[in-house]
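Next come the chains, spelled out residue by residue.
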Amino acid sequence: MGNANQRYFIELIFNGTGYHGWQIQKNAITVQSVVDEALSMILRQEIKTLGCGRTDTGVHAKQLYAHFDCPKTDVEKQSKTIIKSLNAVLPDDIAVKRIIPVSNDSHARFTALSRSYEYYIHFEKNPFLQDLSWQLKDKPDLIKMNEAAKIMMEYRDFSCFSKSHTQVMTNNCEIYQAEWSWINDERLVFNISANRFLRNMVRAIVGTLIEIGNGRNTIESIRSTIGSKDRSEAGTSVPACGLYLSQVVYPDLTFEK
């Protein structure tokens, strides 16, 4: 008989440009499929991860957690070596930061307390930001966008920002932070944190706020947009290249051995 399985969290960062999102799909290269293949090779057994959520095609991650189970002795004493080996076989656009033993009831998706995203916009042509930020021609009004973002936080039902026909129990989310800020007066970043996000939600929010910032809609229009619960009433979904999953927060208990 082998050793009992231990659950591990694996912390990853990746440039999502070359992938069809995180989650495994048929006939498409995804971050999860590449990571699972590398883990299976290094640990010499079939490993299947479960991620903290899904990222769409072209979306990046500054922090993403997944969990997997395997016999304790295979990982516990060799985590630094395993991380080094994983990073040697993984492509340059994916990196493993940590492998953490957790309690067996810890779950990368369901025990997460909050998730945060960042969305980056630039205005001057810049080859070094290609596929990493969205280029806009005109600078929007930051004050108007932040006023609308503040109003948005009064609500819970964000059906208007959800991709249609998704199989979720509820479209309710609790947003903890939603704010635009300048980076050296040259680039914009939108920071948003919530207990959960709907599919395509952040990109739809950014598109809606940009329309307000460009004067195509009023600050108060955000109320009727959210009240409609209709995706067609919200703004266009902005390109994936500017979006980053930036932080996933768990209770401290999750990371105890």
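If you're wondering where the values come from, they're calculated on a predicted model, not measured in any experiment.

> Just checking my understanding: could you explain the nonpolar core for this structure?
Note that soluble globular proteins tend to have their nonpolar side chains buried in a common cluster. Membership of the largest hydrophobic core comes to 77 residues, with the highest contact counts inside it found for Ile99, Met152, Phe161, Trp180, Ile192 and Leu209. Here the element with the most residues in this core is helix H4 (residues 201-213); it accounts for eight residues. Beyond its immediate stretch of four places on either side in the chain, tryptophan 180 contacts Ile121, Leu142, Met145, Asn146, Leu188, Val189, Phe190, Val206, Leu209 and Ile210.

> What is the right way to read the layout of surface pockets from this model?
Where empty space is left in the structure can be found by rolling a water-sized probe over the atoms. One number sums up the size of the largest pocket: a volume of about 840 Å³. Residue lining of the largest pocket: 32 residues in total, with Gly53, Arg54, Arg109, Phe197 and Arg199 positioned closest to the centre. Looking at the lining of the largest pocket, the element that brings in the most residues is H4, giving three residues.

> Please explain the packing of helix H3 (residues 142-152) against H4 as it appears in this structure.
The angle between the axes and the distance between the axes are what describe a pair of packed helices. At their nearest, the axes of H3 and H4 sit 8 Å apart, and the two run at 135° to each other. Classed by the angle they form, the pair H3 and H4 counts as oblique. Between H3 and H4 lies a crossing of right-handed hand. Along its contact with H3, which presents Lys144, Met145, Ala148, Ala149 and Met152, the element H4 presents Ile205, Leu209, Ile210, Ile212 and Gly213. Counted by class, the contact of H3 with H4 contains eight nonpolar, one polar and one charged residues.

Rules used throughout
- Residues numbered from 1 in each chain as written.
- Predicted model: local features only at pLDDT ≥ 70, side-chain atom pairs only at ≥ 80, totals over all residues.
- Heavy atoms only, no water.
- Core = buried A, V, L, I, M, F, W, Y, C linked by side-chain atoms within 4.5 Å.
- Buried < 20%, exposed > 50% of the residue type's maximum accessible area, 1.4 Å probe, protein only.
- Helix = DSSP H or I, 4+ residues; strand = E, 2+ residues; numbered from the N terminus.
- Contact = heavy atoms within 4.5 Å.
- 1 Å grid on protein atoms, 1.4 Å probe; cavity = no way out; pocket = protein on both sides within 12 Å on 5 of 7 lines; lining within 4 Å.
- Points joined across faces, edges and corners; volume = space filled by probe spheres on them.
- Axes fitted to C-alpha atoms, helices over the stretch in contact; angles between N-to-C directions.
- Parallel < 35°, antiparallel > 145°, perpendicular 65-115°, else oblique.
- Left-handed = near helix turned anticlockwise from the far one by under 90°.
- Nonpolar A, V, L, I, M, F, W, Y, C, P; charged D, E, K, R; others polar.

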